[in-house]
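# Structural features, examined
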Amino acid sequence: MANMVGQVLESHKITFHEDDLLLEGLGHNKALHVTVQCEDYFITRILINGGFSLNICPLVALKKLGKGLHEIKDGAINVNAFDGSQMSTIGEISQYLQMGPTWFNVDFQVIDVPTSYNLLLGQPWIHVAGAVASTLYQAVKFE
């Protein structure tokens, strides 16, 4: 019986292997960016940041998806920017994103500031998706 429990627990482990490292090995300092599908669009430069407590959609990215301000729900909140300053979001929008074979309904706070990413997936998405993100291995794995 103990062996059977061990097999069940073992089958639910998420692991990363040394073989999966980039050529730079442990020496790289790249952020984790992925590509997702949103409706008929493929969106590149999706930043996954487990240290961020929101999912963020810059207004410029929303416009590229053909969405207008009228589609943003009320619900502006104050957020701390990376530089420590505070700003207010425009509101919230939900988008369906496909990563691998799975679709996720993601609630984003919309901001109107220039960013180096097209979308930011933070803790809310990571937890709902059951994802484990690794900047070291430049990969996302799911439960």
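To be clear, the structure that these remarks concern was listed above.
These figures come from a predicted structure and were not determined experimentally.

So, about the side chain of glutamine 95. Inspection of the secondary structure assignment puts glutamine 95 in strand β6 (residues 91-99). Not counting residues up to four positions away in its chain, the partners in contact with glutamine 95 are Cys38, Glu39, Leu62, Leu65, Lys67, Phe104, Asn105, Val106 and Phe108.

The final tally for this structure, using the stated rule, is 4 aromatic pairs. For the pair phenylalanine 104 and tryptophan 125, a centre-to-centre distance of 5.5 Å together with 80° between the ring planes defines the contact as edge-to-face. Remark: tryptophan 125 occurs in helix α3 (residues 123-129) and phenylalanine 104 occurs in strand β7 (residues 102-111); sequence separation between them is 21 residues. Tryptophan 125 carries the same exposure label as phenylalanine 104, and that label is buried. Relative to phenylalanine 142, the ring of phenylalanine 104 has its centre 5.9 Å away and its plane inclined at 25°; by these criteria the two rings are stacked. Note that phenylalanine 104 is positioned in strand β7 and phenylalanine 142 in strand β10 (residues 139-142), a separation of 38 residues in sequence. Phenylalanine 142 gets classed as partly exposed once you look at its relative accessible area, which sits at 31%. Three or more aromatic residues joined by ring pairs form one cluster here, namely Phe104, Trp125 and Phe142.

Reading guide: rules and limits
- Residues numbered from 1 in each chain as written.
- Predicted model: local features only at pLDDT ≥ 70, side-chain atom pairs only at ≥ 80, totals over all residues.
- Heavy atoms only, no water.
- Helix = DSSP H or I, 4+ residues; strand = E, 2+ residues; numbered from the N terminus.
- Contact = heavy atoms within 4.5 Å.
- Phe/Tyr/Trp six-rings, centres within 6.5 Å; stacked < 30°, edge-to-face > 60°.
- Buried < 20%, exposed > 50% of the residue type's maximum accessible area, 1.4 Å probe, protein only.

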